[in-house]
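# A look at the structure
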Amino acid sequence: MLGNMAATPIHKMNMRLNGNDIFMKRDDLIPFSFGGNKARKASLYFKDLESHKSDCVVTYGSSSSNHCRIVANLTASKGLKCIIISPIETSKVTYNSKMMELFGAEIIKCKVSDVKETIESTLIRLTEEGYKPYFIEGGGHGNLGTKAYVEAYEEIKMFELDNNIHFDYIFHTSGTGTTQAGLVCGKLINRDDRQIIGISNARKNPYGGQVVLDSVNSYLENIGHVGVGLDEINFIDDYVLDGYGAYNNEIIDVIKNVLMIEGIPLATTYTGKGFWGMKEYIKENHITGKNILFIQTGGTPLFFDDLEVLVND
Ligand SMILES: *Cc1c(COP(=O)(O)O)cnc(C)c1O
């Protein structure tokens, strides 16, 4: 299944933006649980979990979390217990939350301010009950999550070699920053000349960019590579609007357009916002005549949550 996954497809889009060729890497097509970057990260965490012989997974995320859906699906497929700590503040029913329920995950709701405590007490309780719990940070954040995107970067390199092409820019939506950290590490390890641009969907600088940098340096330190500074991180916070989940009519139009012309679903929270942010960034920075790669990082169930809005707009 996920273990020795083939590289996800990269294809040229029909549309051009500001005189640039746009390509898309389809991580939404990773063949497990609707794919996405959380599937790529989770595959490495589950390999690690199996080497620890854990029998139970504890993780954290909201009711709309792609990460929690995938972890719940993976645990169900392996017959392991799954516990999801989830904030009361964002607990509306979504396709992802319905699937978590379907997969039999135990959801523990608490206030955001009590999350850390709740995770700790849950891990202690499980251990006392005789379980061997494995904790995965929200969003699959951590060195293994970063590693997953160093591997994705290598897939991109392979595509370039096979197709005699060079991507001048790689764009994607940045949340916890792990995806971006992996891509930046891949670029640094290979000493490549290109820009990795993370379009933030929620966090603002300096915090957002600092988290990416910390993840980059944590990974590099682990593999014995020298650390880097903030000048290596392009974490763009100009398109977050009012924060997580916020969107505007332009994002809706971009999503409709990409679905209609390319047949590819994007969603407001992550991929649609990131694609719109890329479009604006290219324009504002007068980028033209380049090869640009956008990574479709998944979240297909969120597209269906949005469908009503797309139709009624
Ligand atoms: C989580 C997520 C992101 C952001 O990835 P990070 O590694 O947290 O920055 C982007 N797109 C989708 C669809 C996601 O679910």
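Before going into details, it helps to say that this report is about the structure given with it. All of these numbers come straight from a predicted model, not from anything done at the bench. (Residues numbered from 1 in each chain as written. Predicted model: local features only at pLDDT ≥ 70, side-chain atom pairs only at ≥ 80, totals over all residues. Heavy atoms only, no water.)

Time to look at the pattern of salt bridges. Under the defined criterion, the tally for this structure stands at 16 salt bridges. The shortest N-O distance in the salt bridge between K12 and D21 comes to 3.7 Å. We note a salt bridge from K147 to E151, for which the minimum N-O separation is 4.0 Å. With K147 and E151 both in helix α5 (residues 143–163) and four residues apart, the pair spans about one turn of that helix. K147 gets classed as partly exposed once you look at its relative accessible area, which sits at 34%. Shared partners join several salt bridges into a network, and the residues in it are K25, D27, R40 and E155. (Salt bridge = Lys/Arg side-chain N within 4 Å of Asp/Glu carboxyl O. Helix = DSSP H or I, 4+ residues; strand = E, 2+ residues; numbered from the N terminus. Buried < 20%, exposed > 50% of the residue type's maximum accessible area, 1.4 Å probe, protein only.)

Turning our eyes to something else, we now look at the site of the ligand. Taken together, 15 residues surround the ligand, and among them K38, G175, T176, T179 and T297 come closest. K38 places a polar side-chain atom, nitrogen or oxygen, 2.8 Å from an oxygen atom of the ligand. Residue T179 places a side-chain N or O atom 2.7 Å away from an oxygen atom belonging to the ligand. Considering the ligand on its own, with 380 Å² of exposed area, one finds that the protein chains cover 98% of that surface. Looking at the shell around the ligand, the elements that each hand over two or more residues are α1 (37–51), β7 (169–174) and α6 (178–190). Here the shell around the ligand gets three residues from one element, more than from any other, and that element is α1. Counted by class, the shell around the ligand contains one nonpolar, twelve polar and two charged residues. (Near = heavy atom within 4 Å. Polar contact = N/O pair within 3.5 Å; in protein donor to acceptor, adjacent residues only side chain to side chain. Areas by Shrake-Rupley, 256 points an atom, 1.4 Å probe, with all protein chains shown as cover. Nonpolar A, V, L, I, M, F, W, Y, C, P; charged D, E, K, R; others polar.)

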